[in-house]
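Here is how the chains run, residue by residue.
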Amino acid sequence: MRDFTSELEQRKQAGLYRARRQVSGPQQPAITTDGKLLLSFCSNDYLGLANHPETIEALRCALPETGLGGASSHLICGHHEAHHRLEERLAAFTGRSSALFFSTGYMANLGVISALAGRGDTVFSDRLNHASIIDGCILSRAKVRRYAHGDVAALAPMLAETSGHKLVITDGVFSMDGDVAPLKELAQVCRDHNALLVVDDAHGFGVLGPQGRGAVAELGLSEADVPILVGTLGKAAGTSGAFVAGPEILMDYLVQKARTYIYTTAMPPALALATRASLDVIEQGDERRSHLQGLIERFRREAIALGYELMPSRTPIQPIMVGNNRTALALSQALEASGLLVTAIRPPTVPAGEARLRVTFSAAHSYEQLDCLMQALSDCRHLLNKKGVAS
Ligand SMILES: *Cc1c(COP(=O)(O)O)cnc(C)c1O
C-alpha cells in the first residue's frame, strides 16, 4: 500500500500542508476562528451578504412553505417551483434567455464542459482557469489545449489549426489573480473560428457591471457573444449554489446531458428563494459596490507605497505576491499574530514559485478595518526583501 503518512510528512516539509480552521458564528469581517477573534481579509463574501438580514429572513419565511430537503434530483421529483422562479430571475438578471440552477460552481463547470464537449472535440482553456474547469476538461475526454493566460493572440492560431467542435472556456475574473479576462476579444475570436465560448464569472457576478450583473454585462456582451455564462451564488450572492445561463436550446441540452445536474439531489428549495432575495439586494447594491471600490483603491495605493508587489487587478481579489511558499506562510502567520486572517495561497492552487497572500475585500469592511490591515502589513514588511519578493 502507498505510504500516505510519509506523503503527508513530505507536504509538511515542503510548506504545502493544508489545515482547516474552525469558524464559529456567521461569516463576516470580524470572525471567530479556532476560538480567536480575527479580522478576515480572505473570504469571497464580496458584498457582505453572507450574513444579510433580508436573505436570512427570506430563508426563514420560505421554510414553512417549501420544507427543508430537496428530496430528489430535478428529473425525478425534486424540481421545485422555487428553483424555477430563481432560474427565471437569474436569466432576467443576466440578460439571458434561460438559466439552470446547479448545486455548486464546481458541479456546474464539470457538468457544462463534459456535456458540451466530448471525445474527438477540443477544449481550449486559459492556463489560470479554476480547478473545477481543469477537472471538467479531464472529465469531458475531449482533447484539452491550454493557452497562455489571457493571450487571445496565442489562442487564435490554435483555433485556426483545429477542426471539429471547439469549446473555449475562461474565468471571467481570475480567482487567484483578480484580473479580468479579455472577454470582448475572446468573443470575437470564437465567432471567427466557430468556437463555443463559456465564461465562468464566479468572481465578477454581483461585483462588476451595471447593478452587479457581472463581467460579461460590464462589456455589454450578449448571449450571441457569450453563449454560456456560469456564475456562482456562494460568493458575492452570499448564499450557495451556481447557475448556467444561455439559450434555451443549450439549457435543454444540459438538462439531458449534464451529469452533475442530473445525478444529484436538488438544492433545498428555500435556499433558492433566499438567493432570489439576495439578487434584489445585489441589484440595489450600488452603494455597496462603490464602498468596495473605495477600499480596493485605497488598499492598492497604500500597499504599493509600502513596497508590496500587487497584481494588475481592479477587483476585490488583491493578491500580494510573495513567491516562496514558506515566506508566504510566515507572512500569513505574522498577520495572524496581529489579529488578521489572510491566507497564504500555495501550489498547486497557483503555479510553483508564485505563492501569495490572497487579500480579498468585502463591502462589509470599514475603512478602520482596512487601516488595521495596512498597519499590520507595514509592521510585517521586513519579512520580504526590498523588492517585495521572498528573501
Ligand atoms: C469558487 C469557484 C468555482 C466553484 O464554485 P463553488 O460554488 O464554490 O463550487 C468555480 N469557478 C471559479 C472561477 C471559482 O472561483
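Since we're looking at a predicted model, the values are computed, not measured.

**Student:** Let's hear about the domain arrangement of the chain: which residues, and what values?
**Tutor:** Splitting the chain by domain gives domain 1 (19-47 + 286-383) and domain 2 (53-283). The straight-line distance from the C-alpha centre of domain 1 to that of domain 2 is 27 Å. Facing 22 residues of domain 1, the contacting portion of domain 2 comprises 22 residues. Where domain 1 abuts domain 2, roughly 1,600 Å² becomes buried across the two surfaces, and 58% of that area is made up of carbon and sulfur atoms. Connecting domain 1 to domain 2 are two salt bridges. Note that R356 is salt-bridged to D177, the shortest N-O span being 2.8 Å. There are nine residue pairs in polar contact (both at pLDDT 80 or more) connecting domain 1 and domain 2.

**Student:** Talk me through the site of the ligand; I want residue IDs and the actual numbers.
**Tutor:** In the neighbourhood of the ligand, 14 residues make up the surrounding shell, with G105, Y106, D200, H203 and K235 lying closest. A distance of 3.0 Å is found between an oxygen atom of the ligand and a backbone nitrogen or oxygen belonging to Y106. A distance of 2.4 Å separates an oxygen atom of the ligand from a polar side-chain atom of H203. Contact with the protein chains hides 82% of the accessible area of the ligand, taken as 380 Å² for the molecule alone. A total of three residues in the shell around the ligand trace back to one element, the largest contributor, which is helix α5 (residues 105-116). The residue makeup of the shell around the ligand, split by class, is two nonpolar, nine polar and three charged.

**Student:** Break down helix α10 (residues 248-257) for me, citing the residues and quoting the values.
**Tutor:** Within the span of α10, buried status applies to L250, M251, L254 and V255. Angularly, the buried residues of α10 cover 145° about the axis, an arc narrow enough to put them on a single face. Pointing more than 90 degrees away from the buried face of α10 are the exposed residues E248, I249 and Q256.

**Student:** Talk me through the environment of L373; I want residue IDs and the actual numbers.
**Tutor:** Within the secondary structure, L373 sits in helix α15 (residues 367-380). Separated by 35 residues in the primary sequence, L373 and S338 place their C-alpha atoms 9.0 Å from one another. Look past the residues within four positions of L373 in its chain and what remains in contact with it is F41, F299, L340, V342, V359 and F361.

**Student:** Go over the sheet that holds strand β3 (residues 36-40), please, and point to the residues and values.
**Tutor:** With respect to topology, four strands assemble into an open sheet ordered β1-β2-β3-β12, the strand pairing being mixed. Strand pairing shows two members of the sheet lacking a second neighbour, β1 (23-24) and β12 (340-341), which therefore form its edges.

Reading the values: the criteria
By convention here, each chain's residues receive numbers from 1 onward along its written sequence. This being a predicted model, a pLDDT of at least 70 is required before a residue's local features are given, and a value of 80 or more before pairs of side-chain atoms are given or counted; all residues contribute to the totals for chains, interfaces and linings. Values shown for side chains rest on all heavy atoms present in the structure; no hydrogens or waters enter the calculation. Each domain span listed reflects an automatic or database assignment of domains. Two residues form a contact once any of their heavy atoms are found within 4.5 Å. Two parts placed together each lose some accessible area; with a 1.4 Å probe, that loss summed over both constitutes the buried area. The salt bridge criterion pairs a side-chain nitrogen of Lys or Arg with a carboxyl oxygen of Asp or Glu, the two atoms within 4 Å. We define a polar contact as two N or O atoms separated by no more than 3.5 Å, with the added condition that, inside protein, one atom must be a possible hydrogen donor and the other a possible acceptor, whereas residues neighbouring each other in sequence contribute only through side-chain atom pairs. Whether a residue is near a molecule or strand is decided by its heavy atoms; if any one of them lies within 4 Å of it, the residue is near. Areas reported here follow the Shrake-Rupley algorithm with a probe of radius 1.4 Å; residue values treat only the protein chains shown as occluding. Comment: elements are numbered from the N terminus, with helices defined as DSSP H or I runs of at least four residues and strands as E runs of at least two. Gly is put with the polar residues, along with every residue not named as nonpolar or charged; the nonpolar set is Ala, Val, Leu, Ile, Met, Phe, Trp, Tyr, Cys and Pro, and the charged set is Asp, Glu, Lys and Arg. Each residue is placed in one exposure class: buried if its accessible area under a 1.4 Å probe, protein chains only, is under 20% of its type's maximum, exposed if it is over 50%, and partly exposed if it falls in between. In this description, one arc is meant: the one made by directions from the helix axis to the C-beta atoms. Pairing between strands is defined by DSSP: at least two bridges between the two strands are required.

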